[in-house]
Amino acid sequence: MDAKRVESVSARVDAAAVSSPDSVEDELELSAVRHRPEGLEQLEAQTRFSRKELQILYRGFKNECPSGVVNEETFKDIYAQFFPQGDASTYAHFLFNAFDTDHNGSVSFEDFVMGLSILLRGTIQEKLNWAFNLYDINKDGYITKEEMLDIMKAIYDMMGKCTYPVLREETPRQHVEVFFQKMDKNKDGVVTIDEFIDCCQNDENIMRSMHLFENVL
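Numbers given to residues run from 1 along each chain, matching the order in which its sequence is written. Selection of residues for local features in this predicted model requires a pLDDT of at least 70, selection of side-chain atom pairs for listing and counting requires 80 or more, and totals for whole chains, interfaces and linings are taken over all residues. To obtain the side-chain values, all non-hydrogen atoms of the structure were used and water was disregarded.

1. Focus on the confidence of the model for the chain
The pLDDT score gives, residue by residue, the confidence of the prediction method on a 0 to 100 scale. Of all residues in the chain, 74% have pLDDT values of 70 or greater, and the mean over the chain is 81. Residue contacts follow a heavy-atom distance rule, with two residues in contact if any of their heavy atoms lie within 4.5 Å. pLDDT under 50 marks residues 17-21. Its contacts with residues more than four places away, or in other chains, come to eight contacts. Scored below 50 in pLDDT, residues 31-37 makes 15 contacts in the model with residues more than four places away or belonging to other chains.

2. Considering the environment of Ile206
For Ile206, the location among the structural elements is in helix 12 (residues 204-209). Every residue in contact with Ile206, bar those within four places of it in the chain, is listed here: Phe179, Lys182, Met183, Cys199 and Cys200. Secondary structure is summarised from DSSP: a helix means a run of H or I of at least four residues, a strand means a run of E of at least two, and numbering begins at the N terminus for each.

3. Re the nonpolar core
What tends to happen in soluble globular proteins is that the nonpolar side chains get buried as a cluster. Residue types Ala, Val, Leu, Ile, Met, Phe, Trp, Tyr and Cys, when buried and joined through side-chain atoms within 4.5 Å, form a set referred to as a nonpolar core. Throughout this description, buried means an accessible area under 20% of the type-specific maximum (1.4 Å probe, protein chains only), exposed means over 50%, and partly exposed covers the range between. With 53 residues, the main nonpolar core has Tyr91, Leu134, Met148 and Phe196 as its most contacted residues. If you tally residues by element for this core, the top one is helix 9 (residues 145-159), at nine residues. Two domains each donate at least three residues to this core, and these are domain 1 (38-121) and domain 2 (124-216). All the domain ranges listed were derived from an automatic or database domain assignment.

4. Some words on helix 4 (residues 51-64)
Multiply 1.5 Å by the residue count of a helix minus one, and that product is the helix's expected span. For helix 4, spanning 14 residues, the distance from its first C-alpha to its last is 20 Å, which sits close to the expected 20 Å at 1.5 Å a residue. Of all the positions in helix 4, only Glu53, Leu54, Gln55, Ile56, Leu57, Tyr58 and Phe61 are classed as buried.

5. Digging into unusual backbone geometry
Positive phi is not limited to glycine here, since His103 has a value of about 55°. Tracing the backbone shows His103 in the loop between helix 6 (89-99) and strand 2 (106-108). Located in the positive-phi region is Lys139, a residue other than glycine, with phi close to 60°. For Lys139, the location among the structural elements is in the loop between helix 8 (124-135) and strand 3 (143-144). Among the residues examined, Lys139 registers a relative accessible area of 28% and is labelled partly exposed.

6. Examining the side chain of Ser117
Checked against the element boundaries, Ser117 lands in helix 7 (residues 109-121). Excluding anything up to four places from it in sequence, Ser117 contacts Thr47, Arg48, Phe49 and Gly122.

Here it is, written out as structure tokens:
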């Protein structure tokens, strides 16, 4: 999702929270959401969403995923609707793994709102931590050049005809070579979270070019 779409999601949540009345039914359902019986109060404490906003988000999530969880194939189908001009399946796979924090093959409503809270209202540090987790495909605490290239290729595939001028096939690799050289400060062949955050915070061009925030949703 691009920056405007992220802002649109945030605006819709804010607007709906103002116009929508509290729903006892939603609150009761939220209290029974799979995995975390604490429900609404617990989610309100753990995210930057209000009670009313959580109710709005839950209605939308429930409409798409009546069971209360979404598997990867359903996630890909939903995500593909946002990028009809390209192939979003590979990026959606990586994104699903980033949302699936307990790595059980499904994303619950709790997983979804915890991630969304960071992406829409988190601090720069929180967003960069989340982005690092996205790029760290095998979750070993490091980003390799191959992992960065896989993500970058997936982003270009997803954007499809939206990229102008049309990108040459070698463009993602060229960008990764530049980014990785800047990030891997000690030249050990991997990027740590400290190197990643330090480089992004001090190089606005890298942050923008890597689509850290523009395309995370």
